[in-house]
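# Commentary on secondary and tertiary structure
Here is how the chains run, residue by residue.
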Amino acid sequence: MSPFLGEFLGTAVLVLLGDGVVAGVLLAKSKAKDAGWVAVTAGWGLAVMAGVYTARAAGGPGFLNPVGPLAAVLTNDLPVDRAGGFAAAEMAGAFVGAVLVWLHYLPHWTETPDPAAKLGVFCNAPAVRNLPANLLSEVIATFVLVFVGVAVVEKEIGRGFVAPVAGMVVWGIGLGLGGPTGYAINPARDLGPRVAHAVLPIPGKGPSDWGYAWVPVVGPLLGGAAAALLAKAVLLAP
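For clarity, every value in this text was computed on a predicted model and none was experimentally measured. (Residues numbered from 1 in each chain as written. Predicted model: local features only at pLDDT ≥ 70, side-chain atom pairs only at ≥ 80, totals over all residues. Heavy atoms only, no water.)

The next thing to look at is the overall build of the protein chain. Looking only at helices and strands, the protein chain has 10 helices and 0 strands in total. A compact globule built from 238 residues would reach a C-alpha radius of gyration of about 18 Å, and the protein chain, at 17 Å, matches this within 12%. For the protein chain, with 238 residues in total, the buried portion stands at 49%. Residue pairs in contact within the protein chain that sit at least 24 positions apart in sequence constitute 79% of those at least 6 positions apart. Per element, the accessible surface of the protein chain, about 10200 Å² overall, is 73% carbon and sulfur. The distance from the centre of the 13 positive side-chain charges to the centre of the 13 negative ones in the protein chain is 4 Å. (Helix = DSSP H or I, 4+ residues; strand = E, 2+ residues; numbered from the N terminus. Rg over C-alpha atoms; globule rule 2.2 N^0.38 Å. Buried < 20%, exposed > 50% of the residue type's maximum accessible area, 1.4 Å probe, protein only. Contact = heavy atoms within 4.5 Å. Areas by Shrake-Rupley, 256 points an atom, 1.4 Å probe, with all protein chains shown as cover. Lys, Arg positive; Asp, Glu negative; His and termini not counted. Charge placed at Lys NZ, Arg CZ, Asp CG, Glu CD.)

Our focus in this paragraph is the pattern of salt bridges. A full pass over the atoms with the stated rule returns 5 salt bridges. The salt bridge partner of Asp19 is Arg189, with a shortest N-O separation of 3.5 Å. On the criterion of sequence distance, the pair formed by Asp19 in helix H1 (residues 3–26) and Arg189 in helix H9 (residues 187–199) is long-range, its members being 170 residues apart. For Lys33, the salt bridge identified is with Asp34, shortest N-O distance 3.0 Å. Note on Lys33: relative accessible area 35%, which makes it partly exposed. (Salt bridge = Lys/Arg side-chain N within 4 Å of Asp/Glu carboxyl O.)

Let us now look at the nonpolar core. In terms of nonpolar packing, the biggest core is built from 21 residues, with Trp44, Ile173 and Ile185 touching the most fellow members. Take this core: its biggest share by element is 7 residues, from helix H8 (residues 162–177). With 18 residues, the next largest nonpolar core counts Val15, Ala188, Leu200 and Ile202 among its residues. (Core = buried A, V, L, I, M, F, W, Y, C linked by side-chain atoms within 4.5 Å.)

Interhelical geometry of helix H2 (residues 37–57) versus H8 gives an angle of 155° and a closest axis separation of 8 Å. Viewed along their axes, H2 and H8 adopt a mutual orientation that is roughly antiparallel. Along this stretch, H2 crosses H8, giving a crossing that reads as right-handed. Every residue of H8 that contacts H2 at Trp37, Val38, Thr41, Ala42, Trp44, Gly45, Val48, Met49, Val52, Tyr53 and Arg56 is listed here: Val162, Ala163, Pro164, Ala166, Gly167, Val170, Trp171, Gly174 and Leu175. (Axes fitted to C-alpha atoms, helices over the stretch in contact; angles between N-to-C directions. Parallel < 35°, antiparallel > 145°, perpendicular 65-115°, else oblique. Left-handed = near helix turned anticlockwise from the far one by under 90°.)

For the rest of this paragraph, the subject is unusual backbone geometry. One non-glycine residue with positive phi stands out, namely Asp34, at about 65°. For Asp34, the position within the fold is in the loop between H1 and H2. At Asn76, a residue that is not glycine, the phi angle is positive and equals roughly 65°.

Scanning the entire structure with this criterion turns up 5 aromatic pairs. Where Phe143 meets Phe147, the ring centres are 5.6 Å apart and the plane angle is 15°; that geometry is what we call stacked. Of the two residues, Phe143 and Phe147 both sit in helix H7 (residues 131–154), 4 residues apart, roughly one turn of that helix. Three or more aromatic residues joined by ring pairs form one cluster here, namely Phe4, Phe63 and Phe86. (Phe/Tyr/Trp six-rings, centres within 6.5 Å; stacked < 30°, edge-to-face > 60°.)

Now the structure itself:
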């Protein structure tokens, strides 16, 4: 199967399960209402594992994140044109995954009066709105994702264990570094669902906070690029 289809499907699964756990925690009358941050971070970690398995089964590399192709370009493992194709597939998959979350929780939108809770299902918002600090948080968290991903996933374990270890790394990032911004660490994971929030007929949804939208895009790209360059010099050197 097409590697681009694999990335599309894997990212759709990632967002369906990841935004799905957030919806369960935030939306009114959900049985998971107020389950808390540990439930959200665990759900996202499992979503990563499921998405990577899905993407690889369908022929994709399992990046699920435009930062992955960018890092591969910087480490000379992927040509630029294929990286762009993967990023586009991931963005489309994230949008579709968010639409599926909207459909899955369809009766709950009218039962939830808080527009911020509805937006939080789809995309990130900072706990304290300070854009330079928020950007730095995304840079640091994504740096850890890429650098530890290279160190552990590529250097220490076999291919069959990539998905669960990737999920555990993301879970650890969520627990340790996710509090300030909600740890997007993935431009597609935030931007695709944010577009879905903007276009879907969600009752009482409020604005999509486009003034913040650049932070979870630029921050992960900067952090991922820095980690890839350091990994190339330190971990992948011959």
